[in-house]
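A closer look at the structure
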Amino acid sequence: MLPSEIIERFRIRKGSGFKLADFDPGDTCGLDINKKDAKELLEAGVKRLSKLQERLYADGRWTMLAILQGIDTSGKDGVIKHVLSGVNPQGCEVHSFKAPSTLELAHDFLWRSTIALPARGRIGIFNRSYYEETVVVRVHPELLEKQNLPRRLVTDEIWNQRYEDINNFELHLARNGTVPLKFFLNISKDEQLKRLLARVDDPDKRWKFNLYDVEERKLWEQFLEVYEGTIRHTATQHAPWYIVPADHKWFSRLVVAAVLVERMEALDLQFPKFDEASIAALEKAQAVLREEAKKIKR
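A brief structural summary. Nothing here was measured: the structure is a model prediction, and the numbers come from that model. (Residues numbered from 1 in each chain as written. Predicted model: local features only at pLDDT ≥ 70, side-chain atom pairs only at ≥ 80, totals over all residues. Heavy atoms only, no water.)

Before going further, it helps to examine the overall build of the protein. The secondary structure content of the protein amounts to 13 helices and six strands. A burial count over the protein gives 45% of its 298 residues as buried. Carbon and sulfur atoms make up 52% of the accessible area of the protein, which amounts to about 16,800 Å² in all. A gap of 5 Å separates the mean positions of the 47 positive and 45 negative side-chain charges of the protein. (Helix = DSSP H or I, 4+ residues; strand = E, 2+ residues; numbered from the N terminus. Buried < 20%, exposed > 50% of the residue type's maximum accessible area, 1.4 Å probe, protein only. Areas by Shrake-Rupley, 256 points an atom, 1.4 Å probe, with all protein chains shown as cover. Lys, Arg positive; Asp, Glu negative; His and termini not counted. Charge placed at Lys NZ, Arg CZ, Asp CG, Glu CD.)

As structure tokens, then:
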């Protein structure tokens, strides 16, 4: 697993003077390893994560919420697939947020995320989230029109108001036992081009390709600008952002796994403890089962 000092390099908190240009999408923190070694490192991390998830579920008090954001092809699906590969499906909930439905547009912008929040004892993964409301909707203001907000509420302050709403929402979550972890998968424009071409060139990957992605590439600088503003205004002590270098898939997966492990270990998760009466009942049941086992052996 990656050490804490590496994780800290990518953590953004309030008042940090964050600039996205200060983070290299191709950074691997000096790690020069082959695919086999990277796979073994990740497997070790996933194994630790799986054990912690069992404790999280048994403890039943805390919830982990990992939010994955990033420009198209940044690797959100791959992180979910590889980092959570060894976690018990019963203890993990994944939600992918696409364009909002008619029902979702009839509610406030946090509604569809609120009803998708994971229960206590579980890891929740949001593949995109309410942050689309301060990124995609800001780049494409016509989407704001579809939300049917009262006109007098749509002012120049609406984005700052949404930052404030999000910060209050995440503070509410933190105060009620949910640990929000927010990951921006930071891919370079050149690497995105390679991945888009790979999708077009490979018949088995063409289903992933969307012509819309080519149009969105033309707005690359706008997307980075609004992401930078969003991250700067919503990085808090209780809900920090992690700027994850995403040009190397193996490294981005290691970072996400390491953050999840580090934050879960900090919770001091415990298996339920038995009182004297429960222990006595357990010993009685144990004796009954052992007697039954003896009869089977005969």
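For the structure on display, the rule yields two cavities of 30 Å³ or more. Taken as a whole, the largest cavity holds about 40 Å³ of empty space. Around the largest cavity, the lining residues are Ala 66, Leu 68, Val 79, Ile 80, Val 83, Leu 84, Ile 125, Val 256 and Leu 260. Here the element with the most residues in the lining of the largest cavity is helix 3 (residues 76-83); it accounts for three residues. (1 Å grid on protein atoms, 1.4 Å probe; cavity = no way out; pocket = protein on both sides within 12 Å on 5 of 7 lines; lining within 4 Å. Points joined across faces, edges and corners; volume = space filled by probe spheres on them.)

What follows concerns a positive patch on the surface. On the surface, a cluster of positive charge is contributed by Lys 35, Lys 81, Lys 205, Lys 208 and Lys 249. Within the fold, Lys 249 resides in helix 12 (residues 249-265). Looking at Lys 249, the relative accessible area reads 40%, which means it is partly exposed. (Patch = residues over 30% accessible without salt bridge, like charges linked within 9 Å, V, L, I, M, F, W, Y side chains within 5 Å. Salt bridge = Lys/Arg side-chain N within 4 Å of Asp/Glu carboxyl O.)

What follows concerns the pattern of salt bridges. In total, this model carries 17 salt bridges according to the counting rule given. The partner of Arg 128 in a salt bridge is Asp 72, with the nearest N and O atoms 2.6 Å apart. Highlighted residues: Arg 128 in the loop between strand 4 (123-127) and helix 6 (136-139) and Asp 72 in the loop between strand 2 (63-70) and helix 3, separated in sequence by 56 residues. Comparing Arg 128 with Asp 72 shows no difference in burial state: the two are buried. Salt-bridge contacts for Arg 195 lead to Glu 191; the nearest nitrogen and oxygen are separated by 2.9 Å. Of this pair, Arg 195 and Glu 191 are both found in helix 9 (residues 189-201), four residues apart, which corresponds to roughly one turn of the helix. Side by side, Arg 195 and Glu 191 carry an identical accessibility label, which is buried. When salt bridges that share partners are traced, they join Glu 8, Arg 11, Arg 13 and Glu 262 into one network.

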